[in-house]
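Residues per chain are reported as follows:
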Amino acid sequence: MLIACVKTGDKYDGEYVRRLKASVERHLPSTADHPFVCFTDKPVDGVMCEPLPAELPGWWAKLGMFRLREPMLYLDMDVVITGDLTPAIEWDEFGILKDWWLPGFNSSVMKLTGDEGHVWDRFAPEMMPKLYM
């Protein structure tokens with residue numbers, strides 16, 4: 001299973017990516033089976049990086065995770081890992097955090113099973129400017 005993050009723009013530099021990767025390595029006993037990849041517009045030394053979906057600007061790039069159609073644990077750049085990630089890896093269903101301030105969900109941590117491609121298929125990019133950012 002892939003462990004992924006998205007780095008777009010200049011808000012977070014490469015050090016954030018390296019720290020997140022190191023934290024994953026500390027809190028996941030078998031990282032050999034779980035490669036860490038950063039989807040980014042600016043490659044980061046020491047980290048496997050892949051390009052962002054060109055059609056999704058800014059934080060919308062996170063939506064590109066759904067087009068991959070593979071199991072993964074997604075983590076935002078500012079997530080702080082405080083314990084073993086094994087239960088999240090072993091979880092066999094889609095998972096997302098409940099938002100602690102507003103009704104709804106917080107996508108800073110998502111567990112994808114690989115069966116969520118319909119989210120990408122049904123996404124309408126023309127709606128991006130109309131949605132609250």
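Definitions and cut-offs
Residues numbered from 1 in each chain as written. Predicted model: local features only at pLDDT ≥ 70, side-chain atom pairs only at ≥ 80, totals over all residues. Heavy atoms only, no water. Core = buried A, V, L, I, M, F, W, Y, C linked by side-chain atoms within 4.5 Å. Buried < 20%, exposed > 50% of the residue type's maximum accessible area, 1.4 Å probe, protein only. Helix = DSSP H or I, 4+ residues; strand = E, 2+ residues; numbered from the N terminus. Contact = heavy atoms within 4.5 Å. Expected span 1.5 Å × (residues − 1). Polar contact = N/O pair within 3.5 Å; in protein donor to acceptor, adjacent residues only side chain to side chain. Salt bridge = Lys/Arg side-chain N within 4 Å of Asp/Glu carboxyl O. Patch = residues over 30% accessible without salt bridge, like charges linked within 9 Å, V, L, I, M, F, W, Y side chains within 5 Å. Areas by Shrake-Rupley, 256 points an atom, 1.4 Å probe, with all protein chains shown as cover. Pairing = 2+ DSSP bridges. Axes fitted to C-alpha atoms, helices over the stretch in contact; angles between N-to-C directions.

Caption draft 1: Highlighting the nonpolar core. Judged by nonpolar contacts, the single largest core of 19 residues is most densely connected at Val 6, Phe 39, Leu 56 and Met 65. Elements represented by at least two residues in this core include exactly β1 (2-7), β2 (36-40), β4 (72-75) and β6 (105-112). For this core, the leading source of residues is β1, giving three residues. Setting aside its immediate chain neighbours within four residues, Val 6 contacts Phe 39, Leu 52, Ala 61, Lys 62, Met 65, Tyr 74 and Met 77. Counting residues in hydrophobic clusters, the runner-up holds 18 residues, among them Ile 3, Val 44, Leu 73 and Met 77.

Caption draft 2: Main features of helix α1 (residues 14-27). End to end, α1 covers 20 Å across 14 residues, agreeing with the expected 20 Å (1.5 Å per residue, within 8%). Where α1 is buried, its residues meet β1, β2, β4 and α2 (86-90). Structurally, the start of α1 carries an N-cap: the backbone nitrogen of Glu 15 is 3.0 Å from a side-chain oxygen of Asp 13.

Caption draft 3: Representation of the pattern of salt bridges. Applying the stated criterion across every chain, the model contains six salt bridges. Between Glu 25 and Lys 21 there is a salt bridge, and its shortest N-O distance comes to 2.7 Å. Taken together, the residues Glu 25 and Lys 21, both in helix α1 and four residues apart, mark about one turn of the helix. Three or more residues joined by partner-sharing salt bridges are found here, namely Glu 15, Arg 18 and Arg 19.

Caption draft 4: Geometry of a nonpolar patch on the surface. Nonpolar side chains collect at one region of the surface, where Leu 97, Trp 100, Trp 101 and Leu 102 lie side by side and expose about 520 Å² of accessible area between them. Along the chain, Trp 101 falls in the loop between β5 (95-98) and β6.

Caption draft 5: Structural detail: the sheet that holds β2. Taken in spatial order, the six strands make up an open sheet running β3-β2-β1-β4-β6-β5, and their pairing is mixed. Edge strands, defined here as strands with exactly one partner in the open sheet, are β3 (48-51) and β5. On average, adjacent strands in this sheet sit at an angle of 25 degrees to one another, irrespective of strand direction. Taken together, the four bridges between β2 and β3 define a ladder with parallel strand orientation.

These values are about where atoms sit, not about what they do.
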